[in-house]
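# Examination of the molecular architecture
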Amino acid sequence: MQNKEYSFIFAIYDHGGELGDSDSQLLNGARSATRQAYAPYSRFRVGAAAKLTNGEIVRGSNQENAAFPAGLCAEGVVLATAASLYPGVAIETLAISYDDERGPSNKPITPCGICRQSIKEFERKTGQPIRLLLGGLEGQVWLVEKASMLLPLAFEL
Ligand code: THU
């Protein structure tokens, strides 16, 4: 018998102003994408912006449904949009932000479990890790260099 340990390192910035120009623009893209969310049920608007390796930026937001499970997460929307518009093109960085009608947006959120699985599949099919940039409308920003680090022992076929 042996034990294996899993760990990863991520960077913490005090605020978006500490980011370089490209990351800062992408995070602002995710922040403004929250305005396109359709979230009448949760009132929690999520925005995502992906910078592709061809230089294009694709944005998405959560789209809810009265039948709750039919709702779409912002990350899923942006991954499907990127893959549909630019098939085979890898994502370099995915920024995620949110606007919460019930409270402040001053700390990062992380993608839900299903989105982590979708992001992992995207990394696998394009053969390139996706950097994750996570931040609210203000406050700390977290940078994870490889999104799939958030889903250890993920299911794979
Ligand atoms: N949501 C996302 O868009 N991404 C996530 O990673 C987690 C949750 C959405 C789903 C729902 O519309 C709202 O946030 C509240 O859960």
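The structure we're discussing is the one just above.
The structure reproduced in this document is the subject of the present report. (Residues numbered from 1 in each chain as written. Predicted model: local features only at pLDDT ≥ 70, side-chain atom pairs only at ≥ 80, totals over all residues. Heavy atoms only, no water.)

What follows covers a nonpolar patch on the surface. Nonpolar side chains collect at one region of the surface, where Tyr 6, Phe 8, Phe 10 and Ile 12 lie side by side and expose about 350 Å² of accessible area between them. Mapped onto the elements of the fold, Tyr 6 is located in the segment before strand S1 (11–13). By relative accessible area, which is 41% here, Tyr 6 ends up partly exposed. (Patch = residues over 30% accessible without salt bridge, like charges linked within 9 Å, V, L, I, M, F, W, Y side chains within 5 Å. Areas by Shrake-Rupley, 256 points an atom, 1.4 Å probe, with all protein chains shown as cover. Salt bridge = Lys/Arg side-chain N within 4 Å of Asp/Glu carboxyl O. Helix = DSSP H or I, 4+ residues; strand = E, 2+ residues; numbered from the N terminus. Buried < 20%, exposed > 50% of the residue type's maximum accessible area, 1.4 Å probe, protein only.)

All residues in the neighbourhood of the ligand are listed as Ser 42, Phe 44, Val 46, Asn 62, Glu 64, Cys 73, Ala 74, Glu 75, Pro 111 and Cys 112. Within the contact set of the ligand, an oxygen atom lies 2.9 Å away from a backbone nitrogen or oxygen of Ala 74. Notes on the ligand: free accessible area 380 Å², of which the protein chains cover 74%. Contributions of two or more residues to the shell around the ligand are made by strand S2 (44–52) and helix H2 (74–85). Here the shell around the ligand is built from residues that sort into 6 nonpolar, 2 polar and 2 charged. (Near = heavy atom within 4 Å. Polar contact = N/O pair within 3.5 Å; in protein donor to acceptor, adjacent residues only side chain to side chain. Nonpolar A, V, L, I, M, F, W, Y, C, P; charged D, E, K, R; others polar.)

Attention now goes to the sheet that holds strand S5 (residues 131–135). Pairing within the open sheet is mixed, and its 6 strands lie in the order S1-S6-S5-S4-S2-S3. Across the chains shown, the open sheet's two edge strands, defined by having one partner strand only, are S1 and strand S3 (57–61). Within the sheet, the average angular offset between the axes of one strand and its neighbour, ignoring direction, is 15°. (Pairing = 2+ DSSP bridges. Axes fitted to C-alpha atoms, helices over the stretch in contact; angles between N-to-C directions.)

With 23 residues, the main nonpolar core has Leu 52, Ile 91, Leu 94, Ile 96, Ile 130 and Leu 132 as its most contacted residues. Contributing elements (two or more residues each) for this core: S2, H2, strand S4 (91–100), helix H3 (113–126) and S5. Ignoring sequence-local partners within four residues, the contact set of Leu 52 consists of Val 58, Ala 82, Tyr 86, Val 89, Ala 90, Ile 91 and Glu 92. Core analysis: the next-biggest nonpolar cluster, separate from the first, contains 9 residues, Leu 19, Leu 27, Leu 133 and Val 141 among them. (Core = buried A, V, L, I, M, F, W, Y, C linked by side-chain atoms within 4.5 Å. Contact = heavy atoms within 4.5 Å.)

Time to look at the packing of aromatic side chains. All chains considered together, the criterion is met by 4 aromatic pairs. Ring centres of Phe 44 and Tyr 98 lie 5.2 Å apart, and the angle between their planes is 15°; this geometry places the pair in the stacked category. With Phe 44 in strand S2 and Tyr 98 in strand S4, this residue pair connects regions lying 54 residues apart in the sequence. Given the relative accessible area of 4%, Tyr 98 is considered buried. Aromatic ring contacts, followed pair by pair, group Phe 8, Phe 10 and Trp 142 into a single cluster. (Phe/Tyr/Trp six-rings, centres within 6.5 Å; stacked < 30°, edge-to-face > 60°.)

Let's shift gears to the pattern of salt bridges. As enumerated under the stated definition, the model contains 8 salt bridges in all. Across the pair Arg 131 and Asp 23 runs a salt bridge, and its minimum N-O distance is 2.9 Å. With Arg 131 in strand S5 and Asp 23 in helix H1 (residues 21–33), the pair connects residues that are 108 residues apart, well separated along the chain. Residue Arg 131 is classed as buried on the basis of its relative accessible area, which comes to 18%. A relative accessible area of 13% places Asp 23 in the buried class. Put simply, Arg 45 and Glu 101 hold a salt bridge, and the shortest N to O gap is 3.5 Å. Pair noted here: Arg 45 is in strand S2 and Glu 101 is in the loop between S4 and H3, with a separation of 56 residues, a long-range link. Residue Glu 101 is classed as partly exposed on the basis of its relative accessible area of 47%.

Bear in mind that shape data such as this cannot, by itself, settle questions of function.
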